[in-house]
Amino acid sequence: MRSFSDMFAAKMEELLERYPENTLIVFKGFAMPQVQQVLAHTRCILQEGEQVQDGYLQLSRIEDSFFDMVSAIGKGEASKLAIFEHLQALSEILPKVKTEKIVVVENNLLSPWAPSYLPYGDVLSFFDYLQSNSEPPNDTLKAISDFYTAVKLLPGEGALLLPNVPDDERIEVVPFWAGEIALEEPDLDTDLPQIEAGSLEDWTYSLQLTRGVASPALLLVSGGNLGSRQQAMVLAAEAFGVTLYADELELYRLKPVYDESQFLGVLRKYWGDQANFRQLLFYRDPDHSQDTECLSQGQVIAEIVDQCEAAKDGEAFSNIFITAPTGSGKSILFQIPAIYLAEKYGMVTIVVSPLIALMNDQVDQLQREHGVTMAACINSSMSIEERQQTISKV
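Throughout this document, residue positions are counted from 1 along each chain, in the order its sequence is written. It should be noted that, the model being predicted, local features are given only for residues of pLDDT at least 70 and side-chain atom pairs only at 80 or more, the latter also being counted only at that level, while totals for whole chains, interfaces and linings use all residues. Heavy atoms from the whole structure form the basis of all side-chain values; hydrogens and water molecules are not counted.

Draft legend 1. The overall build of the protein, seen in detail. Per the convention used, a helix needs a DSSP run of H or I reaching at least four residues, while a strand needs a run of E reaching at least two, with both numbered from the N terminus. Each helix and strand in the protein was counted, giving 14 helices and 14 strands. Expressed as a percentage of its 394 residues, the buried residues of the protein come to 42%. If you take every contact in the protein between residues at least 6 apart in sequence, the share linking residues at least 24 apart comes to 69%. As presented, the protein carries roughly 22000 Å² of accessible surface, and 49% of it is formed by carbon and sulfur atoms. Classification of residues uses two cut-offs on accessible area relative to the type maximum, computed with a 1.4 Å probe and protein chains only: under 20% is buried, over 50% is exposed, and between them is partly exposed. It only takes one pair of heavy atoms within 4.5 Å for two residues to be counted as in contact. Using a 1.4 Å probe, the Shrake-Rupley method yields the accessible areas, and only the shown protein chains count as cover for residues.

Draft legend 2. Spotlight on the sheet that holds strand β10 (residues 194-196). Between any two strands, at least two bridges found by DSSP are needed for them to pair. Within the open sheet, the three strands sit side by side as β10-β11-β12. Their pairing is parallel. Edge positions in the open sheet fall to β10 and β12 (244-248), since each of these has one partner strand only. Across the sheet, the mean angle separating the axes of adjacent strands is 30° when strand polarity is ignored. Sheet analysis places β10 next to strand β11 (residues 217-221), joined by three bridges and oriented parallel. Residue pairing for β11: Ile195 is matched across the bridge by Leu219. Against the sheet, helix α8 (residues 200-210) touches β10, β11 and β12, its axis set at about 110° to β10. Every angle, taken between N-to-C directions, lies between 0 and 180 degrees, and every axis is a line fitted to C-alpha atoms, over only the stretch in contact when it is a helix.

Draft legend 3. Representation of the side chain of Asn22 within the structure. Structurally, Asn22 can be placed in the loop between α1 (4-18) and β1 (23-28). Setting aside chain neighbours within four positions, we find Asn22 in contact with Glu77, Ala78, Ser79, Lys98, Thr99, Glu100 and Lys101.

Draft legend 4. Molecular detail of the packing of aromatic side chains. Each pair of aromatic rings taken from Phe, Tyr and Trp, with Trp reduced to its six-membered ring, is defined by centres within 6.5 Å and is described as stacked if the planes are under 30 degrees apart, edge-to-face if over 60, and tilted in the remaining cases. Scanning the model with the defined rule gives 14 aromatic pairs in all. Arranged with centres 6.1 Å apart and planes meeting at 85°, the rings of Phe4 and Phe176 form a pair that is edge-to-face. Remark: Phe176 occurs in the loop between β9 (171-175) and β10 and Phe4 occurs in helix α1; sequence separation between them is 172 residues. Summarising the burial analysis for this pair, Phe4 and Phe176 share the class buried. Geometrically, the ring pair formed by Phe8 and Phe176 is stacked, given 6.0 Å between the ring centres and 25° between the ring planes. Taken together, the residues span a long stretch of sequence, with Phe8 in helix α1 and Phe176 in the loop between β9 and β10 at a distance of 168 residues. Comparing Phe8 with Phe176, the two get one shared label, buried.

Draft legend 5. Up close: the side chain of Lys152. Mapping Lys152 onto the fold places it in strand β7 (residues 148-154). In this structure Lys152 is buried but unpaired, with Asp202 as the nearest side chain of opposite charge at 9.3 Å. Not counting residues up to four positions away in its chain, the partners in contact with Lys152 are Trp113, Gly158, Ala159, Leu160 and Trp203. Note on charges: Lys and Arg go in the positive column, Asp and Glu in the negative column, and His and the chain ends are not counted at all. Between Lys or Arg on one side and Asp or Glu on the other, a salt bridge is scored when a side-chain nitrogen of the former is within 4 Å of a carboxyl oxygen of the latter.

Draft legend 6. Structural context of the pairing of strand β5 (residues 101-106). Burial analysis of β5 places five of its six residues in the buried class, the great majority of the element. By the bridge criterion, six bridges tie β1 to β5 in an arrangement that is parallel. Directly across from Val26, in β5, lies its bridge partner Val104. Both β5 and β9 contribute to a ladder of five bridges, which runs parallel. Looking at the pairing, Val103 lines up with Glu172 of β9.

Draft legend 7. Representation of the pattern of salt bridges in the model. Counted under the stated rule, the structure contains nine salt bridges. The salt bridge partner of Glu343 is Lys269, with a shortest N-O separation of 3.4 Å. A residue pair is termed long-range when its members are at least 10 positions apart, and Glu343 in helix α12 (residues 331-345) and Lys269 in helix α10 (residues 261-271) qualify at 74 residues. With a relative accessible area of 45%, Glu343 lands in the partly exposed category. One salt bridge in this structure joins Lys312 and Asp313, with 2.8 Å as the shortest N-O distance. With a relative accessible area of 38%, Lys312 lands in the partly exposed category.

Draft legend 8. Representation of a nonpolar patch on the surface. A patch consists of residues whose relative accessible area exceeds 30% and which take part in no salt bridge; residues with like charges are grouped when within 9 Å of each other, and nonpolar side chains (Val, Leu, Ile, Met, Phe, Trp, Tyr) when within 5 Å. Together, Val348, Ile350 and Val352 make up a nonpolar patch on the protein surface, roughly 380 Å² of accessible area in all. One can find Val352 in the loop between α12 and α13 (356-369).

Draft legend 9. View of the confidence of the model for the protein. pLDDT runs from 0 to 100 and stands for how confident the predictor is about each residue. Averaged over all residues, the pLDDT of the protein is 86; the fraction at 70 or higher stands at 87%. For the stretch residues 390-394, pLDDT sits under 50, and the model shows seven contacts to residues farther than four places along the chain or on other chains.

Draft legend 10. Summary view of the environment of Arg43. Position of Arg43 relative to the elements: it lies in the loop between α2 (32-40) and β2 (52-53). Given the relative accessible area of 31%, Arg43 is considered partly exposed. Leaving out residues up to four positions away in the same chain, Arg43 has contacts with Leu16, Ala78, Ser79, Lys80 and Leu81. One polar contact links the side chain of Arg43 to the main-chain carbonyl oxygen of Ser79, over a distance of 3.0 Å. Polar contact criterion, stated in full: a pair of N or O atoms within 3.5 Å, where within protein one must be able to donate a hydrogen and the other to accept it, and residues adjacent in sequence count only if both atoms are side-chain atoms.

Okay, structure coming up:
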């Protein structure tokens, strides 16, 4: 079986033959070895030179070389090669670049993301900068922000970057991985690694495929329908001589069964002897469909407490995000866990509320109607000294 480098080299020559005249062929989202293959090709608009140092792409060098790239594109009628960062560096003057067509060959394993070609420390600095909502503090981050708009951090110091995409009517995007897929039926008892579509494991596996590394796995997809990126994963794995099975996520997902009765006592202690948990309507899998299911408030509370206890014990836990309309019963979903955890473990719950009036109303209601003792209430109008004094009382 050919190596990925050989496959990629053959693909470059095939594209140069398919687009023989005045076309700029741009490769987007490939691993560094393939980037260097493009840079080393005699048809590349900017030869390797100092674009790569110590295995990392030098973005400032590319930005400073836009004149050389424009000049190379204008020489002769033959098609030229480039990496996506070359196209980005030309974005402001792209309408004036003399080429009839721009073909972006996308690594659709990672679309719309691309592998990071930067030192991991720079990636982390860029990630922190994106959270700050300020101007880039140095030239390195300024250069990175000219090329990328977001970061996806992966386990093991892996990272993906979301490239800025130039706007030009001549651009045509074609997938690198294309063809018919033939899925094999997996054994439900298989011990293959299971990868849920859209998870961090999914993106990590796709990054490994991008680097030409493949191993058998079971891809779990909601509804069993493969998206375009998952189809590319199957095609790439097949090209590397391994089988990537795919099946319905629902067949393998074990729904936890929670005992909400332990929280019913808290509810009736503070909300009255006749109080019961209400049924709420939630999206079953909001990332993939609008199908809904009913869950009781008690089940949601049990899940929240379960994750809090896992965090307390130093075990793996998940954050929980709940959105629901006004009046649907969201408040009790944090109030009962707060009471339960305080009574059982002496734990403190911090509630962040967007409105001071709402905050005060909830505190007053818990104290007046339900007899719940609140340790402290901090609002944004307090001075630093007042907040410190309030916190010290908790």
